[in-house]
Amino acid sequence: MRAQPTTRPREGDGSLLHRGASAARRSWRRPLALVLATAAVALIAFTLLAPVAVVFAGRRSAAACLASLEAPRGPALPDCRTELRWFALPSRLPWTYRTASTLAEELGARTAVAGYIDAAVGRPDRAALAGATGAVATAEATVAAGSRRITLDELGPASGAPSLAREAARLGDRRTLLAQPERWPDWHVRVHTLRAALTEGDLQRALAIATGYAGMDPRDEDLRATVGAILCLGTSAEAKRGVELLTLIQDDRASKRHAGMARNWGEIRAVLVACAARAGVEPPPMPEDPEAGLADAVEARLAQRARLAAAREGADEAKRRALRAIRDLLVSAAALDAEARGKLLAVVLAEDGALDATEAAALARPEADEADLAAGADGAPARGATGAALALRAGSLRALDWLPERGLARPVIAGAALARAAARAAELAAAPQLPPSEGDALRAAAGSLALQAARELALEGDAPRAIDALDRLGALAPELAPEAARALARSSAWTLAGDRARALDLVDRVDLAAAPPALRAAVLLQRAELLASLGRRLDAARAAVLADEEAAAARAARPGDAPSERAALALLDARARWTRLALALPGSGSPLRQGSPPALLPADLSAAFPWVGFAHLDAPWARDGQQAFSRALAAWSAAREAPPPTRRALRYAALRRRGDAPPALVPYAALSAQLLGEGEGDTEVWLDAFLALDAPRFSLRHTAFARAEAARWRGDEGSAAAWHRRYEALRAVASDPARAEIARYLGF
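Here's a quick rundown of the structure. Everything numeric here is computed off the predicted structure, so don't read it as measured data. (Residues numbered from 1 in each chain as written. Predicted model: local features only at pLDDT ≥ 70, side-chain atom pairs only at ≥ 80, totals over all residues. Heavy atoms only, no water.)

## Things to note about the state of the cysteines
Under the definition given, this model contains 2 disulfides. Between the sulfur atoms of C65 and its disulfide partner C80 the distance amounts to 2.0 Å. Handedness here is read from the sign of the S-S torsion; for C65 and C80, about -95 degrees, the answer is left-handed. Highlighted residues: C65 in helix 1 (residues 16–68) and C80 in the loop between helix 1 and helix 2 (85–88), separated in sequence by 15 residues. Taking the relative accessible area as the measure of exposure, C65 reaches 13% and is therefore buried. A sulfur-sulfur distance of 2.0 Å marks the disulfide that ties C232 to C275. On the sign convention where negative is left-handed, the bridge of C232 and C275, at about -90 degrees about the S-S bond, is left-handed. One end of the pair, C232, is in the loop between helix 9 (221–231) and helix 10 (236–255); the other, C275, is in helix 11 (residues 266–279), with 43 residues separating them in the sequence. For C275, a relative accessible area of 0% corresponds to the buried category. For the protein, the disulfide bridges join cysteines in the arrangement 1-2, 3-4, where the cysteines are counted in sequence order. (Disulfide = S-S within 2.5 Å. Helix = DSSP H or I, 4+ residues; strand = E, 2+ residues; numbered from the N terminus. Buried < 20%, exposed > 50% of the residue type's maximum accessible area, 1.4 Å probe, protein only.)

Quick look at the structure:
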C-alpha cells in the first residue's frame, strides 16, 4: 500500500511553520550561550584574580597587625602569625606564588624579630628573651634558603633581613652573644661579643673568645685590633700573638690607603709597645717613611716610653732620651691639650731627678712668643702668657665627672706618679732663686697635679691616698680655694671608693654661703645623687631642685665667660636638669625648670622624643636659647606619667631614637627605667636594650658605675651589686700600670 500524504510539514521543507519553530529555538539558545560564556569568563577571572585580591588584602592586614605591635596595647603581644592564612592558598598557585611566598616569608621573619624585641622592650623578661632566639634563628635560615633578601620592605618600614647576631648586639643581649661566639660571621658582631665579655668583667672569657677569633685569622682591622689588644691582657704567650696581630695593623695603616682614606696608627703603636713589654719581647720597629696614616697619640706614647724606660734596669740613657723628648714637646707645642700638658709635666717632675726649679718653671709656664700672644675668642691670649700653670685644670670636682674616658687621646699616668709630681712641683716652687711669677706657676701646677692625682687614686679605689693628696697639696689649687670645693673633692674620692655615707657627710656639713653659684650647684647636685644612692629619695628630689635652681642662676649670671667656661656651665646645667627630672617625686617640686614647655605627648608617639645631639658637647643644645633640649625633657616628664599601654609604645619609640644619651648617664638610665612600671618586666633587660647603642660612647667603667648607681636610685640592690662587681673587675685591670694603655684603648 502507498503511504498517504500528511499535512505536517517535514523538516527542511521550507514551510513557514518550520521556520518559525527554528527561530523560537534559536531565540532562547543564544542568551543561554551568552550567559554560559559570561559565567565561564567570570569564573576564570575569579579564579585568576581572587588570589591576587586575597594577597592584597593579606598584605594590608598583616601590615596593620605588625604596626599594632609598637602602638599602645596591652602586655600580650598580638599574634601576627595568624595572618599567614591569607597567603596559604596563593602561595600554591603559579601566578601568585612569588608574591605570596615573599610576603609570608617576610611576615614570619618580622614576627620572629618582633617577639625577640618584645622580650626586651614590650614586656622585658630574660627567660623570654632567651626563648625567642630560636624563632629568630629559624627565620634567618628561612630567608637565607628562600628569597635571600637583605632588606625587608613589603610589610612596614625597611629593615634588614633577620639576623640573630645583629639583633642580639642591637638589643644588648650579652648572654646570647656570649653563648656561641664562634657562630657569628660578621666582624662587628664579634667586636660586640668581645665587648660584652669585658662589660661582664669576665677577662678570662674575653681572652678565650679572642683566642678563638685569632685562630680564624681576622681580616677586618677593628676586629683584629680588638682581638690583639685583649690578648695583650693575658699571659706572655697570648701577648706574643697579640703583638703579631697589632704589628700587621700598624704596618698596613702606615703603608696603605683605601679609597683615598688613611687611618692613623699611633694608638695601635702604644698598645703594641705595652703588649711587647708584657710578652717580654722587643717591639717591632716603627714604620719608616709612612705613606698613609700618621703616628698620632704622641703624648701618650712619650709618657709610656718614659715609664717603660724607668722600669727597666740599665735603661738610664733611654729614660733620658724619653724625658728630653717630653721637655722639647712641652716647650714647642703651642696647641697642646691642657690636661695632656699637665700629665707630661708630671712625668718630667716625677722621673727627672736632675730637674731644677728654673727648668721646671719654664716647663710649667713657657715663654710666650708673638704667635702665642695671638688673641683668643674673647681677646685673651691664646696660650698662657699670663696663665697659671699652663691652665692645668682638672675639670669638675664631682664624682661622676671623674669617671674615665675612652681612648688614648691623653697620657695614662698612675695616681702615685701624679702625687709624686705634685709634691716635687711644690718643693721646687719654694726655691729662693725663682721670681714670684714663676713660683706661682709651679705652685698652681702642684695644686692641679694634686687634684689629678686624687682623681686617679680614687679611680684606682685608694680613697685614703686620694684624700691625703688633696690635704697636703690641695690648698695650692685655685679650684680648691673655697672650703666647699675641698669638701666636694674629698666627697668624690669616697664616692668612687664606695663609701657613700662618708661622702654624703662631707657635703652635708659644708657651708655653701660663701661659695659661688656654680660650686653650690655642683655640691648640691652631688648631695642629691648620694641621697638617692642611699635610698633617701624625697630628700634627694628636694636637693636636686635646689641644685637645678643654682645651676640656672650660675649660667645666667656669667654670660660673658670664655668658651671653655660656658661649656662647663652648660654641662653642669644639663646634668642638673636631668637629675631633677629623674629624681622628681610628688611633693618635691616640679620635675621641670620654670619656663619649660608643657609636659605633653604628641599624637604620633613615634615622634615623642626630639633629637638633641648630646653626642657632641659643642652642639646647639649647649648654647642658650635652644629649645630641643627643653622639649626632650618635657617629653620624658610626660612619658613616665603615661598609662602602661602608652608607656609600652613610648619604649618602642625611645628604642628607635637611641644614640642621644646626654652627658649624664646615671640620671638618664634612672629616668629610662621609669618607662617600665611595677610588674611590667625586668628593668635590667630593658636598660640593656635601650642603652646598647649609647654604651660605646662611654668607657666600660663609666657604664658599669652608672648602671650600678641607677639601680641604687630605684632601690634594686641586687642589680647594683652585680654592676659593682663588674666595675671592680674592670678597675683591677685598668689600675695595673703594665696594662694601663691597653685597657684605656679597649675602653676600660
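Next comes the rest of the description.
## Some details on the nonpolar core
Within the largest apolar cluster, 170 residues are counted, with the highest numbers of intra-cluster contacts made by V227, L496, W578, F609, W636 and F748. Judged by nonpolar contacts, the second largest core, of 39 residues, contains A303, L329, L355 and A431. (Core = buried A, V, L, I, M, F, W, Y, C linked by side-chain atoms within 4.5 Å.)

## Quick word on the packing of helix 13 (residues 316–332) against helix 14 (residues 338–351)
Where helix 13 contacts helix 14, the axes come no closer than 10 Å and their chain directions differ by 140 degrees. With respect to the hand of their crossing, helix 13 and helix 14 are arranged in left-handed fashion. On helix 14, the residues that touch K319, L323, I326, R327, L329 and L330 of helix 13 are R341, L344, L345, V347, V348 and E351. Class assignment of the residues belonging to the contact of helix 13 with helix 14 gives a composition of 8 nonpolar, no polar and 4 charged. (Axes fitted to C-alpha atoms, helices over the stretch in contact; angles between N-to-C directions. Left-handed = near helix turned anticlockwise from the far one by under 90°. Contact = heavy atoms within 4.5 Å. Nonpolar A, V, L, I, M, F, W, Y, C, P; charged D, E, K, R; others polar.)

## Remarks on the pattern of salt bridges
By the definition in use, this model includes 60 salt bridges. Between R490 and D471 there is a salt bridge, with the nearest N and O atoms lying 2.7 Å from each other. Taken as a pair, R490 in helix 19 (residues 483–497) and D471 in helix 18 (residues 463–473) lie far apart in primary sequence, 19 residues in all. For D471, a relative accessible area of 44% translates into the label partly exposed. (Salt bridge = Lys/Arg side-chain N within 4 Å of Asp/Glu carboxyl O.)

## What to know about the environment of R110
Structurally, the position occupied by R110 is in helix 3 (residues 97–118). With 198 residues separating them along the chain, R110 and L308 place their C-alpha atoms 55 Å apart. Look past the residues within four positions of R110 in its chain and what remains in contact with it is L66, L152, D153, L155, G156, P157, A158 and S159.

## Quick word on the environment of A453
Among the secondary structure elements, A453 is positioned in helix 17 (residues 436–459). Here A453 falls in the buried class, since its relative accessible area comes to 0%. Ignoring sequence-local partners within four residues, the contact set of A453 consists of G415, L418 and A419.

## Focus on the packing of aromatic side chains
Inspection of every chain in the model, using the stated rule, returns 10 aromatic pairs. When the ring of W578 is compared with that of F629, the centres are 6.2 Å apart and the planes differ by 35 degrees; the resulting orientation is tilted. In this pair, W578 is assigned in helix 23 (residues 563–583) and F629 in helix 24 (residues 628–640), connecting sequence segments 51 residues apart. Just as W578 is buried, F629 falls in that class too. Pairing F614 with F629 gives two aromatic rings, centres 5.3 Å apart and planes at 85 degrees, and the pair type is edge-to-face. With F614 in the loop between helix 23 and helix 24 and F629 in helix 24, this pair connects stretches of sequence that are 15 residues apart. The same class applies to F614 as to F629, namely buried. Through pairs of rings, three or more aromatic residues link up here, namely W578, F609, F614, F629, W636, Y668, W686 and F690. Here the basic side chain of R577 rests over the ring of F629, its NZ or CZ set 4.7 Å away from the ring centre. (Phe/Tyr/Trp six-rings, centres within 6.5 Å; stacked < 30°, edge-to-face > 60°. Lys NZ or Arg CZ within 6 Å of the ring centre and 35° of its normal.)

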